[in-house]
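Per-entry structural report
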Amino acid sequence: MTAQFPAPAPDLAPAAQTHAAAVGGGKSAISVKGLWKIFGPGEKKIIGTPLAELSRDELRVATGSNVAVRDVSFDVNPGEVFVVMGLSGSGKSTLIRCLTRLIEPTAGEVLLDGEDIGKASMARLRDLRRHRFSMVFQHFGLLPHRRVIDNVAFGLEIRGEAKKGRRDRAAELLSLVGLDGQADRYPDQLSGGMQQRVGLARALAVDPAVMFFDEPFSALDPLIRRDMQNEVIRLHNEVGKTMIFITHDLAEALKLGDHVAIMRNGAIVQIGRPEEIVGAPADDYVADFVQDVPKSYVLTLGWIMREVRPGDPLDGPEFPRSTIIRTAVHVAAETDRPIKVVDGGKLVGMVDRVQILAAIAGFEPGSAA
Amino acid sequence: MTAIGATAGATGIRVTRRTLAGVLALAAVVIFALLHGQWTLPHNDDYDLFRTLNGVRDWVDQNRTLLEPIRLAIAGLVSLFDDILASLGWPGVIAAAAATGVAFGSVRLGLLAGFGFGSLGALGLWDPSMATLAMVLAAVLLALLIGIPLGVLAGRSARVQAVLSPVLDFMQIMPAMAYLTPITLLFLIGVAPASVATLIFAIPAAIRITALGIREVSTTTVEAARSLGATDNQVLRKVLLPLSRRALGLAVNQTIMLALSMVVITSLIGAPGLGRNLQRELSKVNVGGAFDAGIAIVILAIMLDRLTAAVAEWLDPRERAARTRPGGRLVTVALPVAIIVVGLAAPALVDATKFPDTLLFSFRDPVNAAVGWFTGTFQPATLAFKDAATIIVLNPLETVLVQAPVWLVGAALMTVAWFTSGRRAAVVVGACAALIVGLGLWEHSMQTMANVVLGTLLTLAIGLVIGILSARNDRFRAFLRPFLDMAQTLPAFVYLIPALALFNPTRFTAIVAAVIYALPPVIRLVDVGIRSVPPAVVEASTASGATEAQLLWKVQLPMSRQALLLAANQGIVMVLSMVVIGALVGAGALGYDVITGFAQGKDFGKGLAAGLAIVLLGILLDRITQGAGGTRREGAANAG
């Protein structure tokens, strides 16, 4: 029999529905429903008319307006990292600004712990920005005329905290992000990576419930980018904030995200866990995207196992189905027995070397080899 | 195939355009040959409109109740500054200048400021210098009080910007001479109208630079502040204003420099100060005496420039932090305090109201001697050059413009504008020409225009050569830089002095002064234009075997076309504003009409009309040279 991946187990597919089902019921930290943003004349009048069905280009020709975000809905669990991935022009930066109303959405709801941010008064919105969420920017947005410590304390100053208190808090955060001893320097004396650490500290200083990251590492060198990604993972483990992270880098999305949403032309084409995006792309666009991702780094044994056949030797090594393929490779290399895949102690499938090799070689699950 | 077709098509259009231009030019020549001397408008001093305008003045004179409080308030402000400077006395003022230099700059700057202000007294010009300074301070205070808030508004709102921009454009192309007369109509003569004129002249820079500074603040930074919940007010106070501090400092600096250069011109409407000394000596053709007043103006300009620039730089905390100064607080705080204390204590020992005679020094005799030697030696050459330019270019040009039928000149100007700047510009040019006819100043306007055309051609020819050299040679550019910097801090008025020394009082003298005045920005623009050609293009041309000359003619000059157009535009506007001031050294026409308007009550109406004609001429020349560039003025603000 040729190497063939079985269809994903029912509890892993189709990604978007599972996700919505898992977090539905008002417990999500952020819930976005039917969000639209159209730039241009008569933005409010387009939604709900046949015009809204037109493609971006057609709409621009017809009305002169530009759809940046098109009917986007998703839920973010408390404490998770939710990544929105898309190429430039996909609307992801507009989307994240609509969530905090730095850009006013044209239509739709954004619920933060059940409160509709869209209906908040300007004063309430400021209050939310001062206490509940904060943002990290691609180009840092630091104040060049202030020392690092006063940049970190800026959010606290904005909400009127006394100088002593905010300085102490800022110093704490500087050491949290690894910038001890840099407090009295000016931003342009720091490297790009260090500047973004300042941006990170500033966002953390207000102790927000939700943090927004707008392509925070795109302007950095690859090595520093990797450092900063690890930094975010470390901080996430330490402070456990809900994070919404925008990126155009698929590897970054898969590395950081508990869930990943792929955007294209303003709309979300797929939401899922990283292995769902890689293992079961919703369409050709996503499939095209993920085709170069090393599958063995993302997919679990559950994605490549075959059904148990009578006569399979059962004395081989045993792994849970959620094991990343890569971690099973060296064990598989040392035995000629097929690997047993278990789920809650129950045998659910077998993995032969041929499946592992196929995954390493980059065959896509579900496609016949 | 399509590419070849398109090229052929483009050439075809260019040929027809060129042919059309040739045919029209030929037609103009033929019409001129047939009809010159007819449909002309010779000058008439008793034109009805002039008398009507005299009537307007008489009416305003009898209804001053509304204007009088404004005039008195402004005059009061100036005399307040007068009193402050007088109460400090000369030791106090010198000490204040030196202390400012030490505190915000360096000990060197402090010494420079002390000596600079001291030399104003040593030249025997302490009192007029202080009168000038008081007017500058008053006008700058008013300009900043109005200009900075407007600039902040314009920087934050595109709509305010859109409304203000054309108004500021207009204020900046308007030659200073043009609005002196209307201002005397409203505020009589003396320090009050002088301050208002200075305010009008200096405020566009304050507004523009402030707005630019506000707009240059990174949008991410503003967004970051907003995302942290900052109110509009907090964004303004904590982000926009602090981040545009450098721009604000520059705005203050530029406003002061422009104010100084205008204040000395306002001696024409009775303002006291250095300008009055300069004007008096110029009218006596006493180059040495004018030189003393001129050098005092230059010193005052340099001192104010350096001191405000130092303060502006000090405002940037990064700059302050990066600076390590020997002596620390002892030098930055204690020394300035000590200097001021000494300055204020000095009246106990010396007479602070009058600068000591023993220190007096004058350049008058040595300069007059030098000028005497120079003119004695070179005057044959300079006069020959002057005569050649006058006979070969200026006279024929003037004759053609004055003798040709009015409608022919108007049609020719409109056609040129249509070729260079499009249909709308042609309409504006036509309207301006018609209004000049209506003002009854056609002949004088054409004479002024002839001067401007010659001045601009000279400016562009010299500016292009120097600019190209500067763009192609870094060492030459470095050599040139201090001269250009210096030239841009000098008030326009002083350029009359060397021109007068070289050419005696004639029309041509004013043209030379205008050329000197307009050259520095033209050189800068040419240099910047050529240097901003992308290096990749230059490299590609060199790689395909272009010679230096080919590179210049086929790549660098065509690609810097926009900058060259801008240089022509700037040049023509600056030449006009100087040519009319040149009436003081022998240029007649519109500038002279304005000056006689101040001097003689019965000529007031003509002076007022001449001011308007200068504005119209300015708009007309600006439109003709505007080209297609929409962002030209912003570019000029940056380059200058």
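Analysis parameters
Residues numbered from 1 in each chain as written. Chains lettered and ligands numbered in written order. Predicted model: local features only at pLDDT ≥ 70, side-chain atom pairs only at ≥ 80, totals over all residues. Heavy atoms only, no water. Helix = DSSP H or I, 4+ residues; strand = E, 2+ residues; numbered from the N terminus. Rg over C-alpha atoms; globule rule 2.2 N^0.38 Å. Buried < 20%, exposed > 50% of the residue type's maximum accessible area, 1.4 Å probe, protein only. Contact = heavy atoms within 4.5 Å. Areas by Shrake-Rupley, 256 points an atom, 1.4 Å probe, with all protein chains shown as cover. Lys, Arg positive; Asp, Glu negative; His and termini not counted. Charge placed at Lys NZ, Arg CZ, Asp CG, Glu CD. Buried area = accessible area lost by both parts, 1.4 Å probe. Salt bridge = Lys/Arg side-chain N within 4 Å of Asp/Glu carboxyl O. Nonpolar A, V, L, I, M, F, W, Y, C, P; charged D, E, K, R; others polar. Axes fitted to C-alpha atoms, helices over the stretch in contact; angles between N-to-C directions. Parallel < 35°, antiparallel > 145°, perpendicular 65-115°, else oblique. Left-handed = near helix turned anticlockwise from the far one by under 90°. Phe/Tyr/Trp six-rings, centres within 6.5 Å; stacked < 30°, edge-to-face > 60°. Pairing = 2+ DSSP bridges. Patch = residues over 30% accessible without salt bridge, like charges linked within 9 Å, V, L, I, M, F, W, Y side chains within 5 Å. 1 Å grid on protein atoms, 1.4 Å probe; cavity = no way out; pocket = protein on both sides within 12 Å on 5 of 7 lines; lining within 4 Å. Points joined across faces, edges and corners; volume = space filled by probe spheres on them. Core = buried A, V, L, I, M, F, W, Y, C linked by side-chain atoms within 4.5 Å. pLDDT = per-residue confidence, 0-100.

The next point concerns the overall build of chain A. Looking only at helices and strands, chain A features 17 helices and 13 strands. Scaling as 2.2 N^0.38, a compact globule of 369 residues should have a C-alpha radius of gyration of about 21 Å, and chain A matches this with 23 Å. Taking the principal axes of the C-alpha coordinates as reference, chain A spans close to 75 × 60 × 35 Å. The buried share of chain A, reckoned over its 369 residues, is 51%. Across chain A, every contact between residues at least 6 apart in sequence was considered, and the portion connecting residues at least 24 apart equals 68%. Carbon and sulfur atoms make up 52% of the accessible area of chain A, which totals about 15,800 Å². Across chain A, the mean location of the 44 positive side-chain charges is 6 Å away from that of the 47 negative side-chain charges.

Counting secondary structure elements, chain B contains 28 helices and zero strands. The C-alpha atoms of chain B give 26 Å as radius of gyration, which agrees with the globular expectation for 640 residues (26 Å, within 12%). In terms of principal-axis extent, the alpha carbons of chain B reach across some 80 × 65 × 55 Å. Sorting the 640 residues of chain B into buried and exposed places 52% on the buried side. Across chain B, every contact between residues at least 6 apart in sequence was considered, and the portion connecting residues at least 24 apart equals 83%. Carbon and sulfur atoms make up 69% of the accessible area of chain B, which amounts to about 28,800 Å² in all. Of the charged side chains in chain B, 45 are positive and 34 negative, and the gap between their average positions amounts to 8 Å.

In this section: the interface of chain B and chain A. Where interface size is quoted, it is often the accessible area lost as the parts come together. Contact residues are listed per partner, giving 20 residues for chain B and 25 residues for chain A. Interface of chain B and chain A: buried area, both sides summed, is about 2,100 Å²; carbon and sulfur atoms make up 63% of it. Counting the surface chain B buries against chain A, the share from its top three residues, L228(B), K238(B) and R318(B), is 31%. Put simply, E223(B) and R97(A) hold a salt bridge, and the shortest N to O gap is 2.6 Å. By residue number, the principal contributor to the side of chain B that touches chain A is helix α9 (residues 219-227) of chain B, which donates seven residues. A breakdown of the residues in the side of chain B that touches chain A according to their chemical character gives nine nonpolar, six polar and five charged.

So, about the packing of helix α16 (residues 325-334) of chain A against helix α17 (residues 353-361) of chain A. All names here are of chain A. At their nearest, the axes of α16 and α17 sit 11 Å apart, and the two run at 135° to each other. Taken together, the axes of α16 and α17 lie oblique to each other. Along this stretch, α16 crosses α17, giving a crossing that reads as left-handed. Within the contact between the two elements, α16 uses I325, V329, A332 and A333 and α17 uses R353, I356, A359 and I360. Among the residues making up the contact of α16 with α17, the classes are represented as seven nonpolar, no polar and one charged.

What follows deals with unusual backbone geometry. With a phi angle near 60°, R101(A) is a residue other than glycine that sits in the positive phi range. Note that R101(A) resides in the loop between α4 (92-99) and β4 (107-112). Overall, the relative accessible area of 9% leaves R101(A) in the buried class. At V285(B), a position not held by glycine, the phi torsion is positive, near 50°. Here V285(B) is to be found in the loop between α12 (274-283) and α13 (287-314). Given a relative accessible area of 39%, V285(B) falls into the partly exposed group.

This part is about the packing of aromatic side chains. Applying the stated criterion across every chain, the model contains 12 aromatic pairs over all chains. Relative to Y517(B), the ring of Y495(B) lies with its centre 5.9 Å away and its plane at 50°, an arrangement referred to as tilted. With Y495(B) in the loop between α20 (474-489) and α21 (496-503) and Y517(B) in helix α22 (residues 507-531), this pair connects stretches of sequence that are 22 residues apart. The same class applies to Y495(B) and to Y517(B), which are both buried. Members of the aromatic cluster, joined through ring pairs, are F213(A), F217(A) and F245(A).

For the rest of this paragraph, the subject is the pairing of strand β2 (residues 66-76) of chain A. Residue and element names in this part refer to chain A. Burial analysis of β2 places eight of its 11 residues in the buried class, the great majority of the element. For strand β1 (residues 30-39) and β2, the ladder comprises seven bridges, and the chain directions are antiparallel. If you follow S31 over to β2, its bridge partner there is D75.

Let us now look at a nonpolar patch on the surface. Residues and elements named next belong to chain B. A cluster of nonpolar residues, V107, L111, F115 and L335, forms a patch on the protein surface that exposes about 390 Å² of accessible area. Position of L335 among the secondary structure elements: in helix α15 (residues 329-345). The class for L335 is partly exposed, based on a relative accessible area of 33%.

Turning our attention to the pattern of salt bridges. Residue and element names in this part refer to chain A. Inspection of the entire model under this criterion finds 39 salt bridges over all chains. Between R132 and D113 there is a salt bridge, with its nearest N and O atoms 2.6 Å apart. Separated by 19 residues along the polypeptide, R132 in the loop between α5 (122-131) and β6 (133-136) and D113 in the loop between β4 and β5 (115-116) bring together distant segments of the chain.

This brings us to the layout of surface pockets. Residues and elements named next belong to chain B. One number sums up the size of the second largest pocket: a volume of about 1,100 Å³. Elements represented by at least two residues in the lining of the second largest pocket include exactly α1 (2-35), α16 (364-403), α17 (406-421), α19 (442-472), α25 (561-581) and α27 (604-625). If you tally residues by element for the lining of the second largest pocket, the top one is α17, at 10 residues. Residue classes in the lining of the second largest pocket are distributed as 31 nonpolar, five polar and one charged.

Before going further, it helps to spend a moment on the nonpolar core. All names here are of chain B. F117, M177, L496 and L620 are the most contacted members of the largest nonpolar core, which has 150 residues in total. It is α13 that contributes the most residues to this core, 14 residues altogether. Beyond its immediate stretch of four places on either side in the chain, L496 contacts L282, A513, M578, I581, G582, L584 and V585.

All names here are of chain B. For chain B, the average pLDDT comes to 83, and 94% of its residues sit at 70 or higher. Every residue in residues 628-640 is under pLDDT 50, and counting partners more than four places away or in other chains gives 24 contacts. Scoring the predicted complex yields pTM 0.75 and, for the interface, ipTM 0.70.

So, about the pairing of strand β8 (residues 242-247) of chain A. Every other side chain in a regular strand lies on the same face of the sheet, so the side chains alternate between the two faces. Residue and element names in this part refer to chain A. The buried fraction of β8 amounts to six of the six residues, a majority that puts the element mostly inside the structure. Burial along β8 is two-sided: T242, I244 and I246 and M243, F245 and T247, pointing in opposite directions, are all buried. Here strand β3 (residues 81-85) runs beside β8; their pairing, made up of five bridges, is parallel. Considered in β8, the bridge of V81 is made with M243.

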